[in-house]
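# Results of the structural survey
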Amino acid sequence: AAREAAAAGAHRQAADHLRLVLDHRPQLPAEQEAALWRTYGVECYTISTRSDVARQALERAVKLGRGGDPVALSDSLRWLSRMCWWAGDVPGATAAGEQAIRVLVGTGHDGELAMIFSNQSQLHALAGREDEAVALAQRALELAGDDPSTRSHALNNLGLARCRSSWAAGRPHLVESLRIAREARDTEQICRAYVNLVWNDIQHLRLDEAERSVQDAIAHAERAEFLLFAGYLQLELAMLAFARGQWDRVVGLSSPAIDGARPFRASALALNGQLQARQGVAEAADLLDEAWELAVQVGECQRIGPAASASAEAAELAGDPRSALERLRTAYELAVRCGTPPVRAELAYRMGRAGEPVPPPEGDHPYAVLARG
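The sections below set out a description of the structure shown in this document.

## So, a negative patch on the surface
- Together, E31, D69, D110, E112, D146 and D147 make up a region of like negative charge exposed at the surface.
- Counting through the fold element by element, D110 comes out in helix α7 (residues 110-126).

Structure (structure tokens):
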């Protein structure tokens, strides 16, 4: 019943059926029970239930799978890596992904190994480590053959990584990732491609393109009951509304992310804190403090940069711009190594406003132009 529900796109029902089975402590061979826990964890992830529940399910699958089929064990480890990232534990995500590689290397299962490499490429891309992400994405593409899911996944990582140095170089890979996923009707890869495409279009102020994409993506995610991605895409729609000055829409649109996984919550809190600072709401500082703490825990420039910039704007509006300098310095140093051109430009502008100018960035992004005076 759970398999049929998942195939029909009824992922909440699938998770309920699997939980019912597992609560009865079924007497099954270890590998079969591991498969149930793995599937349950993935369904919990899909419907955006608590990250700790999903992570515990995958940890159980890994424990039961040790000593058994290396393909099944590596798949459980790859999903555990994803659950750790979702929970904001990037070191745990990296460790699980590395274990998955060790389990599968040399077994001859190159197609499955391709997705394992792509998973590690994704972690590097999210952290802004362009060279490492590109190298692993290319290895994944070499091994993937014609498998559309892995090819879409790896191309997405390749595009995300290359956007760090050049949006023009990265965006075509994101578009191709989306095309392949749509042709294969792979909902997870469709949503993932849209998320990264929209995020980068908003950064580069391609707002009309971003809005067309995000509306289509949300409709697709909601039809397929991929609630994790639906909530994240709603956050991107909130970012778009904020960029256009449609402030009355921001809080409602970002509320699923506020209640979501740690990386999403960090971004949503920074957005809402910046909005409240502009509106003169006293509680803005509390939101921005939590956003900063969560962003630092996650460790990604795409979280840390906006949290620092929002804090700097709030400090300037409060008449004490230098009070945000510590956060700005931390974020700017990270952005120089790992950030995209728009994030580097925005932080350079904020550094100057706070009285500690840095080398002016190149390019025609509005923040780069402002930073140059």
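## Quick look at the pattern of salt bridges
- Evaluated as defined, the whole model comprises 23 salt bridges.
- Between R19 and D23 there is a salt bridge, with its nearest N and O atoms 2.8 Å apart. Of the two residues, R19 and D23 both sit in helix α2 (residues 11-23), four residues apart, roughly one turn of that helix.
- The exposure class assigned to R19 is partly exposed, which follows from its relative accessible area of 28%.

## Observations concerning the side chain of R82
- Looking at where R82 falls in the secondary structure, it is placed in helix α5 (residues 70-86).
- One buried charged residue, R82, forms no salt bridge at all, with the nearest opposite charge on E188 at 5.5 Å.
- Leave out the neighbours within four places in its chain, and R82 touches Y45, Q122 and L126.

## Observations concerning helix α10 (residues 167-184)
- Relative to the 26 Å expected for 18 residues at 1.5 Å per residue, α10 spans 26 Å between its end C-alpha atoms, a close match to the ideal helical length.
- Here α10 has its buried residues at W167, G170, R171, H173, L174, S177, L178, I180 and A181.
- Where α10 is buried, its residues meet α9 (148-162), α11 (187-203) and α12 (207-223).
- The positive-phi residue at the C-terminal boundary of α10 is R185, with phi of around 55 degrees.

## With respect to the nonpolar core
- Counting 121 residues, the largest nonpolar core has Y40, W85, W86, L233, F264 and L347 as the members making the most contacts within it.
- Element by element, the count of residues in this core is highest for helix α13 (residues 227-243), at 12 residues.
- Among the nonpolar cores identified, the runner-up in size contains five residues, and A277, A284, L288 and A314 belong to it.

## Quick notes on unusual backbone geometry
- Of note, R185 is a non-glycine position whose phi angle comes to about 55 degrees, a positive value.
- Note that R185 resides in the loop between α10 and α11.
- With a phi close to 60 degrees, E225 is a non-glycine residue in the positive phi region.
- With respect to the helices, strands and loops of the structure, E225 is situated in the loop between α12 and α13.

## Quick notes on the packing of helix α6 (residues 90-104) against α7
- Between α6 and α7, the least distance of the axes is 10 Å, while the angle of their chain directions is 155 degrees. Relative to α7, the element α6 lies roughly antiparallel. Where α6 crosses over α7, the two elements pack in a sense that is left-handed. On α7, the residues touching A93, T94, G97, E98, A100, I101 and L104 of α6 are E112, L113, I116, F117, N119, Q120 and L123.
- Of the residues contributing to the contact of α6 with α7, the split by class is eight nonpolar, four polar and two charged.

## Re the environment of G128
- Mapped onto the elements of the fold, G128 is located in the loop between α7 and α8 (130-144).
- For the pair G128 and R164, spaced 36 residues apart in sequence, the C-alpha separation works out to 6.6 Å.
- When sequence neighbours within four positions are dropped, the list of residues in contact with G128 reads R164, R337 and C338.

What counts, and at which threshold
- Residues numbered from 1 in each chain as written.
- Predicted model: local features only at pLDDT ≥ 70, side-chain atom pairs only at ≥ 80, totals over all residues.
- Heavy atoms only, no water.
- Patch = residues over 30% accessible without salt bridge, like charges linked within 9 Å, V, L, I, M, F, W, Y side chains within 5 Å.
- Areas by Shrake-Rupley, 256 points an atom, 1.4 Å probe, with all protein chains shown as cover.
- Salt bridge = Lys/Arg side-chain N within 4 Å of Asp/Glu carboxyl O.
- Lys, Arg positive; Asp, Glu negative; His and termini not counted.
- Charge placed at Lys NZ, Arg CZ, Asp CG, Glu CD.
- Helix = DSSP H or I, 4+ residues; strand = E, 2+ residues; numbered from the N terminus.
- Buried < 20%, exposed > 50% of the residue type's maximum accessible area, 1.4 Å probe, protein only.
- Contact = heavy atoms within 4.5 Å.
- Expected span 1.5 Å × (residues − 1).
- Core = buried A, V, L, I, M, F, W, Y, C linked by side-chain atoms within 4.5 Å.
- Axes fitted to C-alpha atoms, helices over the stretch in contact; angles between N-to-C directions.
- Parallel < 35°, antiparallel > 145°, perpendicular 65-115°, else oblique.
- Left-handed = near helix turned anticlockwise from the far one by under 90°.
- Nonpolar A, V, L, I, M, F, W, Y, C, P; charged D, E, K, R; others polar.

Nothing here speaks to function; it is geometry throughout.
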